[in-house]
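Secondary and tertiary structure notes
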Amino acid sequence: LTELQKRFQEHLIVGEFGFDRGLDPAAADHATTTLSAMQAAHTPYAILWQIFDQPPLVGLGDKGLYGLYDDAGKLTPMGKKVLEKFGVQK
């Protein structure tokens, strides 16, 4: 971690984040708030878990609806909000 902190001028967060929109109606807001905080901290990279929805994990109690895209490859409400917030063209 020390070497990574040096390489990224101490602007480093190790981990992942994601919000299941099947369990949390504010999942898209949480994702954009987290990304905004990372941007404000000048963190150059973020891993949003995950790009595509997946089946729920046995025993976890989730719905598997974390993705920016659904299982058919269509942009989800979270994906739309993230792209809109950061000015990314679809």
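Each remark here, short or long, concerns the structure printed above.
Anyway, here's the lowdown on the structure attached to this text. (Residues numbered from 1 in each chain as written. Predicted model: local features only at pLDDT ≥ 70, side-chain atom pairs only at ≥ 80, totals over all residues. Heavy atoms only, no water.)

Some points on the side chain of Asp 20
In plain terms, the rule: Helix numbers and strand numbers start at the N terminus; a helix is a DSSP run of H or I with at least 4 residues, a strand a run of E with at least 2. Per-residue accessibility, obtained with a 1.4 Å probe over protein chains only, is compared with the maximum for each type, and a residue is labelled buried under 20%, exposed over 50%, and partly exposed between these values. Under the convention used here, Asp and Glu are negative, Lys and Arg are positive, and both His and the chain ends fall outside the count. The rule for a salt bridge is simple: a side-chain nitrogen of Lys or Arg has to be within 4 Å of a carboxyl oxygen of Asp or Glu.
For Asp 20, the location among the structural elements is in the loop between helix H1 (2-7) and helix H2 (27-40). No salt bridge is formed by the buried Asp 20, whose closest oppositely charged neighbour, Arg 21, lies at an N-O distance of 6.2 Å.

Describing helix H3 (residues 77-85)
Selection rule: Note: the arc covers the axis-to-C-beta directions of the helix.
Residues Met 78, Gly 79, Val 82 and Leu 83 constitute the buried set of H3. Within H3, the buried residues cover an arc of 125 degrees as seen down the axis, which keeps them to one side. Away from the buried face of H3 by more than 90 degrees, exposed residues Pro 77 and Glu 84 are located. Once H3 ends, the next one or two residues include Gly 87, with phi positive near 65 degrees.

A look at the pattern of salt bridges
For the coordinates displayed, the defined rule picks out three salt bridges. Notably, a salt bridge pairs Arg 21 with Asp 53, separated by 2.6 Å at the nearest N-O pair. Note that Arg 21 is positioned in the loop between H1 and H2 and Asp 53 in the loop between H2 and H3, a separation of 32 residues in sequence. With a relative accessible area of 23%, Arg 21 lands in the partly exposed category. Exposure remark for Asp 53: the relative accessible area of 11% places this residue in the buried category. Here Asp 29 and Lys 81 are joined by a salt bridge, their closest N and O atoms 2.3 Å apart. With Asp 29 in helix H2 and Lys 81 in helix H3, the pair connects residues that are 52 residues apart, well separated along the chain. Relative accessible area serves as the criterion here: at 36%, Asp 29 is assigned to the partly exposed category.

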